[in-house]
Amino acid sequence: MSVYVTQENPKVDIVSANQWGDLVPLASPFDQIRMNPGRVVSLIRRKLKGFTDDDWLLAMGDPVIIGIAFAVAANVNQGRVNILKWDKMEKTYYPVRVSVRGGIEEL
């Protein structure tokens, strides 16, 4: 099980997300989609090539990078993507399972 962090941010503590799997960054804090979109897309495709129902996305950073990661994960996993949603009031992550071929399911 892995938690794919869409874009690292050294100023944000995400250690508590490791209860869902090993934290794997998809893009560095310095990656900018407008400067080199092809390289970033290739990097994300390579890192998500084995994305399964046991893995999670943790959305952080550039919204375009987040969108690319979601699209690639859904493509690899028959339209299904698991997302960890941060609740700032409760200070915890909530799992949300999304199927772009179906609906949204909460655990």
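What you see as residue numbers is a count from 1 along each chain, following the sequence as written. pLDDT decides what is reported in this predicted model: residues at 70 or higher carry local features, side-chain atom pairs at 80 or more are listed and counted, and totals for whole chains, interfaces and linings draw on all residues regardless. Each side-chain value is worked out from all heavy atoms of the structure, with water and hydrogens disregarded.

1. Side note on helix 2 (residues 63-76)
1) Next: The helix count covers DSSP runs of H or I at least four residues long, the strand count covers runs of E at least two residues long, and both are numbered beginning at the N terminus. By this rule, a helix spans an expected 1.5 Å times one less than how many residues it contains. A rise of 1.5 Å per residue sets the reference length of helix 2, with its 14 residues, at 20 Å; its end C-alpha atoms lie 20 Å apart and thus fit the reference within 8%.
2) Next: Pairs of residues are marked as contacts when any of their non-hydrogen atoms sit within 4.5 Å. Looking at the buried positions of helix 2, the neighbouring elements they touch are helix 1 (37-47), strand 3 (56-58) and strand 4 (80-87).
3) Next: Whenever two N or O atoms come within 3.5 Å, that pair is a polar contact, provided that in protein one can donate a hydrogen and the other can accept it, and provided that, for residues adjacent in sequence, both atoms are side-chain atoms. Put simply, D62 is the residue that caps the front of helix 2, since its side-chain oxygen is 2.7 Å from the backbone nitrogen of V64.
4) Next: Positioned one or two residues after helix 2, Q78 has a phi angle of 50°, which is positive.

2. Considerations on the pairing of strand 5 (residues 92-99)
1) Next: Here eight bridges tie strand 4 to strand 5, and the two strands are oriented antiparallel to one another. Bridge pairing in strand 5 places I83 opposite V96.
2) Next: As consecutive antiparallel partners, strand 4 and strand 5 are separated by four residues, and within that stretch K91 has a phi angle of approximately 55°, a positive value. DSSP-based pairing: two strands are paired if at least 2 bridges between them are found.

3. Quick word on the pattern of salt bridges
1) Next: Salt bridges are identified by distance alone: a Lys or Arg side-chain nitrogen within 4 Å of an Asp or Glu carboxyl oxygen. This model, assessed by the stated rule, comprises two salt bridges.
2) Next: We note a salt bridge from R39 to D31, for which the minimum N-O separation is 2.2 Å.
3) Next: The rule is simple: take the accessible area with a 1.4 Å probe, protein chains only, and divide by the maximum for that residue type; under 20% is buried, over 50% is exposed, in between is partly exposed. We classify R39 as partly exposed; its relative accessible area is 40%.
4) Next: On the basis of relative accessibility, which here comes to 11%, the residue D31 falls in the buried class.
5) Next: Between D53 and R80 there is a salt bridge; the shortest N-O distance is 2.9 Å. One end of the pair, D53, is in the loop between helix 1 and strand 3; the other, R80, is in strand 4, and 27 residues separate them in sequence.
6) Next: Residue classification places R80 among the partly exposed positions, given a relative accessible area of 31%.

4. Digging into the nonpolar core
1) Next: In terms of nonpolar packing, the biggest core is built from 17 residues, with L26, I44, L48, F51 and L57 touching the most fellow members.
2) Next: The set of elements that each furnish at least two residues to this core consists of helix 1 and helix 2. We call a set of buried residues a nonpolar core when its members are Ala, Val, Leu, Ile, Met, Phe, Trp, Tyr or Cys and they connect through side-chain atoms within 4.5 Å of each other.

5. A closer look at the side chain of Q7
1) Next: Inspection of the secondary structure assignment puts Q7 in the loop between strand 1 (2-5) and strand 2 (22-25).
2) Next: For Q7, a relative accessible area of 6% translates into the label buried.
3) Next: Those residues within four positions of Q7 in sequence are excluded, and the remaining contacts are A27, S28, P29, D31, M60, G61, D62 and I65.

6. Some remarks on the environment of L84
1) Next: Mapping L84 onto the fold places it in strand 4.
2) Next: The spatial distance from the C-alpha of L84 to the C-alpha of Y94 is 5.5 Å, given a sequence separation of ten residues.
3) Next: The contact partners of L84, leaving out residues within four places of it in the chain, are V3, A17, W20, W56, L57, Y93, Y94 and P95.

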